[in-house]
Amino acid sequence: KAGVTQTPRYLIKTRGQQVTLSCSPISGHRSVSWYQQTPGQGLQFLFEYFSETQRNKGNFPGRFSGRQFSNSRSEMNVSTLELGDSALYLCASSLGQGVPWNEQFFGPGTRLTVL
Amino acid sequence: DQQVKQNSPSLSVQEGRISILNCDYTNSMFDYFLWYKKYPAEGPTFLISISSIKDKNEDGRFTVFLNKSAKHLSLHIVPSQPGDSAVYFCAASALEYGNKLVFGAGTILRVKS
């Protein structure tokens, strides 16, 4: 069974630009969650999508948004990039319901650098 | 407000001995706990989980213990191997909060051969 894949693996952008990251979950998983990892804040929850609907949201500004498609693939968008958005963005997939509903399996991440 | 705490930034253990990683939490709503292992520039790898209805779960060399009254959990690795050297994260979730995982800051484990 293929794992969680994320593209691209590395991105360099400049302040003010926008970026879209992509995540393909494990086959059969309907929930996709996004996390940001920075040295200062650790791993922080951004949001979760289940069956194309945002089911849960963390404490990030509205510049961070996402969506999920009917095949469970998900995209995350960050608009008007700031230097502080430089981070490793991780996507995690899980069943989202049933048992074990919340065992989340992570992709390799996208390293975003904002200059 | 850090709801999940891993108070030991690092731990060094001799190969073959037991590694014990600790985690404390403050939110009594948490009902599901997970441990992840992470190498630099990679995503976390799921190791083992435990539901709040249990006090122990075992999978091979990994055992997680949960003490709900103390709001404390620990991960035991026996025997420790050099390949276990990585950052270990404790994470917690609550059914009421959906799929959101709240992570601790991580503990760096070094297994010396």
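The structure under discussion appears in the preceding block.
My aim in this report is to walk through the structure given alongside it, one point at a time. These figures come from a predicted structure and were not determined experimentally.

Attention now moves to the interface of chain B and chain A. Across the contact, 20 residues belong to chain B and 23 residues belong to chain A. With both chains or domains summed, chain B and chain A bury close to 1700 Å², and 57% of this area falls on carbon and sulfur atoms. Where chain B meets chain A, there are zero salt bridges. Linking chain B with chain A are six residue pairs in polar contact (both at pLDDT 80 or more).

With that settled, the discussion passes to the state of the cysteines. A complete count under the given rule lists two disulfides over all chains for this structure. Two residues, C23 of chain A and C91 of chain A, share a disulfide whose sulfurs are 1.7 Å apart. With the S-S dihedral at roughly -45°, the linkage between C23 of chain A and C91 of chain A falls on the left-handed side. With C23 of chain A in strand β3 (residues 19-24) and C91 of chain A in strand β9 (residues 87-94), the pair connects residues that are 68 residues apart, well separated along the chain. Exposure class is identical for C23 of chain A and C91 of chain A. Each is buried. C23 of chain B shares a disulfide with C90 of chain B; S-S distance 2.0 Å. Judged by the sign of its S-S torsion, about -70°, the bond between C23 of chain B and C90 of chain B is left-handed. Here the residue C23 of chain B occupies a position in strand β3 (residues 19-25), and C90 of chain B occupies one in strand β9 (residues 86-93), the gap between them amounting to 67 residues. Exposure class is identical for C23 of chain B and C90 of chain B. Each is buried.

What follows is about the sheet that holds strand β7 (residues 64-68) of chain A. Residue and element names in this part refer to chain A. Overall, antiparallel pairing links the four strands, which are arranged β1-β3-β8-β7 in an open sheet. With partners counted over all chains shown, the strands left at the sheet margins are β1 (5-7) and β7, one partner each. Going across the sheet, the axis of each strand differs from the next one's by a mean of 20°, ignoring polarity. With five bridges connecting them, β7 and strand β8 (residues 74-78) associate as antiparallel partners. Bridging from a neighbouring strand, S65 pairs with N77 of β8.

The next thing to look at is the environment of Q6 of chain B. Residue and element names in this part refer to chain B. Turning to its location among the elements, Q6 is positioned in the loop between β1 (4-5) and β2 (10-14). Among the residues examined, Q6 registers a relative accessible area of 7% and is labelled buried. Note: C-alpha distance between Q6 and N22 (16 residues apart in sequence) is 6.2 Å. Aside from chain neighbours lying at most four places away, what touches Q6 is N22, C23, W35, Y88, F89, C90, G104, A105, G106 and T107. From its side chain, Q6 meets the backbone oxygen of Y88 in a polar contact 2.9 Å long. Reaching out from Q6, the side chain makes a polar contact with the backbone nitrogen of G106 at a distance of 3.0 Å.

Here the focus is the pattern of salt bridges. Following the criterion strictly, the structure yields seven salt bridges over all chains and no others. Here E75 of chain A and R73 of chain A are joined by a salt bridge, their closest N and O atoms 3.4 Å apart. Judged by its relative accessible area of 24%, R73 of chain A is partly exposed. In this structure, K56 of chain B and E58 of chain B form a salt bridge, with 3.9 Å as the shortest nitrogen-oxygen distance. Given the relative accessible area of 42%, K56 of chain B is considered partly exposed. In the salt-bridge network here, residues are joined through shared partners; they are R63, E82 and D85 of chain A.

Moving on to the sheet that holds strand β8 (residues 72-77) of chain B. Residue and element names in this part refer to chain B. Taken in spatial order, the five strands line up as β1-β3-β8-β7-β6 in an open sheet, and their pairing is antiparallel. The open sheet has two edge strands, β1 and β6 (56-59), and neither has a second partner. In this structure, β6 lies alongside strand β7 (residues 62-67), joined through four bridges in antiparallel fashion. Each residue of the ladder has a partner; that of E58, found in β7, is T63.

The rules we used
Residues numbered from 1 in each chain as written. Chains lettered and ligands numbered in written order. Predicted model: local features only at pLDDT ≥ 70, side-chain atom pairs only at ≥ 80, totals over all residues. Heavy atoms only, no water. Contact = heavy atoms within 4.5 Å. Buried area = accessible area lost by both parts, 1.4 Å probe. Salt bridge = Lys/Arg side-chain N within 4 Å of Asp/Glu carboxyl O. Polar contact = N/O pair within 3.5 Å; in protein donor to acceptor, adjacent residues only side chain to side chain. Disulfide = S-S within 2.5 Å. Helix = DSSP H or I, 4+ residues; strand = E, 2+ residues; numbered from the N terminus. Buried < 20%, exposed > 50% of the residue type's maximum accessible area, 1.4 Å probe, protein only. Pairing = 2+ DSSP bridges. Axes fitted to C-alpha atoms, helices over the stretch in contact; angles between N-to-C directions.

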